[in-house]
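Next come the chains, spelled out residue by residue.
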Amino acid sequence: MNKERLVLIGNGMAGMYTIEEILKQEPDRFEITVFGKEPHPNYNRILLSSVLQGDSELKDIVLNDYDWYKEHNITLYTGDEVTRIDTNNKQVESAGGIVCAYDHLIVATGSNPFMPPIPGSDKEGVISFRDIKDTETMIEASKKYEKAAVIGGGLLGLEAARGLLNLNMETEVIHLQDQLMERQLDPNASKMLKRELENQGMRFHMEKQTEQIFGRKRAQGLHFKDGESLYADLVVIAVGIRPNIGLAENSGLKTNRAIIVNDFLETSAPDVYAVGECAEHNGIAYGLVAPLYEQGKILAERLVSKEPAGTGYQGSLTSTKLKVSGVDVFSAGEFGEADDLKSVLVHDDFDGVYKKVNIRDNKVVGAVLFGDTTDSPKLLNLINKKEDISEVGKGIILPSESNAPMESPVVDMANEETICGCNGVCKGEIVSAINEKGLTSVNEVKQHTNASRSCGGCKPLVSDLLNATLGDGAAVNEVEPLCGCTDLSHEQVIEEIKAKQLSHTREVMNVLGWKEPEGCSKCRPALNYYLSVSKPEEYEDDYASRFINERVHANIQNDGTYSVVPRMYGGVTNSDQLRKIADVAEKYEVPLLKLTGGQRIDLLGVNKEDLPAIWGDLDMPSGHAYGKSIRTVKTCVGEDFCRFGTQDSIGMGMTIERKYERLNTPHKVKMAVSACPRNCAESGIKDIGIVGLEGHWEMYVGGNGGVDLRGGELLGKMNSDDELLDAISAFLQYYRESAHYLERTSHWIERVGLDHVKAVVLEDEEERANLIERMEVSLEHKGEDPWKELTYNEKKKQELFEQRKVELV
Ligand SMILES: Cc1cc2nc3c(=O)[nH]c(=O)nc-3n(C[C@H](O)[C@H](O)[C@H](O)COP(=O)(O)OP(=O)(O)OC[C@H]3O[C@@H](n4cnc5c(N)ncnc54)[C@H](O)[C@@H]3O)c2cc1C
Ligand SMILES: NC(=O)c1ccc[n+]([C@@H]2O[C@H](COP(=O)([O-])OP(=O)(O)OC[C@H]3O[C@@H](n4cnc5c(N)ncnc54)[C@H](O)[C@@H]3O)[C@@H](O)[C@H]2O)c1
Ligand code: SF4
Ligand code: FES
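If you check an unreviewed UniProt entry, the protein chain appears there as Nitrite reductase [NAD(P)H] from Marinococcus halophilus. Per UniProt, the comment on the protein chain under Pathway (unreviewed entry) is "Nitrogen metabolism; nitrate reduction (assimilation)." The protein chain has a UniProt comment under Sequence similarities (unreviewed entry) that states "Belongs to the nitrite and sulfite reductase 4Fe-4S domain family."

Structure representation (structure tokens):
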């Protein structure tokens, strides 16, 4: 018997999900042909953000490889666009000249990025972010160019911007509204998100309308309507999407914003269905995979059973998470304000946590979470179930806010509650698969249930569920790789560097079998750092692997200029230094001189090309205000001037700063010395905070005064200056050797535990002595001041400061 001919136009996420669902139910029923405009098999578009951010490689995001199509007897035409649907003769025609008849046709052509009519948007270097080609273009551009502008501060724009930052590009986001992600977040969450992203190095231009993209052949920057401009040699436009319906319209299918479908995804033409972003159901065209997969499931049932099954598709509740590491944001349902809505609110600026749950008629209808999204599965289920919550307390709405000890939210979830929103997989399904198929890892759960196959946001829940189902210790702990270029963890890489005596980033990548020979923006700076600690005697800085601020030894500002902070040991200066700073400020027309929180003078608004000359004129050491290194040692006036002073805090601060300046560390290290517990130098919120008392010093560690406000914890009491310096050496060296690159002391201590750190750096005499000895070797080899070097090293100066000027002319 001849098989029914099923043709799919659009080899993307929604269409292929539908095919997979059909194959699960009726593997042999249809003769399937798939047309895809892109020259690739079906891949996970969602994970393009991870590829750009350096967490995955393109080959890892393929969902169905070419062999899969062969194994399932599917005829696949890639790189071939369908140009016509002949609904009368029931056939499609492709640009490649193929004419293919169908009994059933699925249109799943997705969306196109919306390109606003900005003059100059046809220039080289102006792209959208939608597919593999765009991602490759950005990665390539980052190797040649330094400055990127992203137009659009929505989900896509912010994920693109984070990726470009990871690719070492200076990245500015231009947003039309006064609030980022205004379609998903309320003003409070949006403000906290902006602050966090600014801390990560993103710069924002809010309420800006781009009037023109200027440049000759290639984009060189943007002019805004308010008369301001900025330079950029890569412009990424991410201002929304438009359903791709040209083909459907030309072929006579009924369309509105997208192709109009009924509850069974049927279009206006017989035997023609539409699914995914190109379909419009009840006036809504969705732009997230969870609803598209729900549609795909219904359509598969419809095609397999012939007769409409159940009530069909009834629309979807959407929820979003931003895929930017270090930022936890969740939003679902009605998150805004309305007269008939009541809210449960938690707002803690100190911990950077914000939660708002909207309730109407005793039912949870929407939520926004920032900083702590552990309650998101619970809330999503409450919104979905529309249960009356009048009988339950806040503990049910926001379990993490109740006083009960926090267990994973999966423990209390009912079997029918959803764990993986993208793929619609509930707890019961995963538990059955774990028990019946003997699954022990997240990866196995993914293969058998699809949970965590898309955005990956549910991985922690799946992992908790594995632990809860198998009991402690039975789940296989998959190591978190350093980045997508390797399967090795930070610890394993450090071990291998030591064991194999590796000494250069390229050597590490070669010897340890890096999947991507050039590495990525995540691993290269980390490797460069690990090598510097492992072999200080032989280490040669691979400065091309450093982040932009560290390459040019200055902090880039939001207008593309730089800030210059000279070192002033212990926050002490003199008339000679002040005179030089004043002269430089006048000569180079520095727009702003500002005292920093770390007791230094910041020259702000300096042009990049003036940096080496300014450093030469200042003739002061770099304050390393831009580096993953020892920053400032802040001091109080101490015993010489203050009537409460018990110790020479200034003297000790200067000694410490002179000793450890220019030392590479996993992240920035800030220190302070106060001469009594009144703590005027704020020693309680520093990575290392020293407090003087009569006859001894107290040393606090792991403090942080930034977004993650954290009080330092007492490491110990030191009875002399030498004992204090030894303790600082041992502590710093242990942090340098065992923290992950980009891990602040606060997070490191939380991970390894203060008791453990105390045991190693204070209690174990031998280990302590070894750490101090290794620190001394590092101090001997920390190299000369980078500003000084750049005043005479012409080759390096030209590479860093002059080639760029030529490119821009
Ligand atoms: C960078 C990025 C990150 C994202 N992150 C998330 C996320 O975290 N969570 C989430 O839920 N969603 C996310 N999305 C959105 C999600 O990827 C889309 O909603 C989803 O891919 C849409 O699926 P689709 O099948 O409708 O369209 P697509 O996946 O775009 O597939 C459509 C395919 O059809 C092809 N095509 C079009 N016309 C023709 C033709 N005439 N002939 C042949 N082929 C044709 C296209 O080339 C394309 O390959 C993200 C999107 C991007 C770009
Ligand atoms: N994590 C995720 O779930 C995720 C990630 C990426 C993409 N996506 C999906 O991909 C699609 C595209 O995402 P998107 O962010 O482009 O769409 P979007 O519509 O969500 O956001 C576009 C943003 O651009 C702004 N904007 C519009 N015109 C502008 C202009 N001229 N200048 C500056 N800003 C302007 C808007 O105010 C809006 O905030 C969406 O469907 C989105 O849901 C989802
Ligand atoms: S910390 Fe104590 S000693 Fe130092 S300035 Fe303040 S009060 Fe004086
Ligand atoms: S929630 Fe996105 S993959 Fe599970």
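And the narrative resumes.
Taken together, 22 residues sit near ligand 2, with E159, E182, R183, G240 and K321 positioned nearest. At 3.0 Å, a backbone N or O of L156 approaches an oxygen atom of ligand 2. When residues of the shell around ligand 2 are traced back to their parent elements, those giving at least two are α5 (155-166) and β21 (319-321). For the shell around ligand 2, the leading source of residues is α5, giving 3 residues. Looking at the shell around ligand 2, its residues break down into 9 nonpolar, 8 polar and 5 charged.

A few words on the site of ligand 1. Of all residues adjacent to ligand 1, which total 31 residues, the nearest are A14, E38, R130, E277 and K323. Interatomic distance of 3.0 Å between a backbone N/O atom of K37 and a nitrogen atom of ligand 1. Here an oxygen atom of ligand 1 sits 2.7 Å away from a polar atom, N or O, in the side chain of E38. Across the complex, the protein chains shield 92% of the 1,000 Å² of accessible surface that ligand 1 would expose by itself. Counting residues per element, the ones that place at least two in the shell around ligand 1 are α1 (13-25), β2 (30-36) and α8 (289-305). Across the shell around ligand 1, the residue classes tally to 14 nonpolar, 9 polar and 8 charged. Two domains each donate at least three residues to the shell around ligand 1, and these are domain 1 (4-111 + 243-305) and domain 2 (126-239).

A word on the pattern of salt bridges. By the definition in use, this model includes 52 salt bridges. Close ionic contact of K323 with E159 constitutes a salt bridge, the shortest N to O distance being 2.8 Å. With K323 in the loop between β21 and β22 (329-333) and E159 in helix α5, the pair connects residues that are 164 residues apart, well separated along the chain. Residue classification places E159 among the buried positions, given a relative accessible area of 4%. If you follow the salt bridges from partner to partner, you end up with R567, R600, E657, E661 and R662 in one network.

Conventions and cut-offs
Residues numbered from 1 in each chain as written. Chains lettered and ligands numbered in written order. Predicted model: local features only at pLDDT ≥ 70, side-chain atom pairs only at ≥ 80, totals over all residues. Heavy atoms only, no water. UniProt positions renumbered as here; feature names shortened; annotations may be inferred. Near = heavy atom within 4 Å. Polar contact = N/O pair within 3.5 Å; in protein donor to acceptor, adjacent residues only side chain to side chain. Helix = DSSP H or I, 4+ residues; strand = E, 2+ residues; numbered from the N terminus. Nonpolar A, V, L, I, M, F, W, Y, C, P; charged D, E, K, R; others polar. Areas by Shrake-Rupley, 256 points an atom, 1.4 Å probe, with all protein chains shown as cover. Domains from an automatic or database assignment. Salt bridge = Lys/Arg side-chain N within 4 Å of Asp/Glu carboxyl O. Buried < 20%, exposed > 50% of the residue type's maximum accessible area, 1.4 Å probe, protein only.

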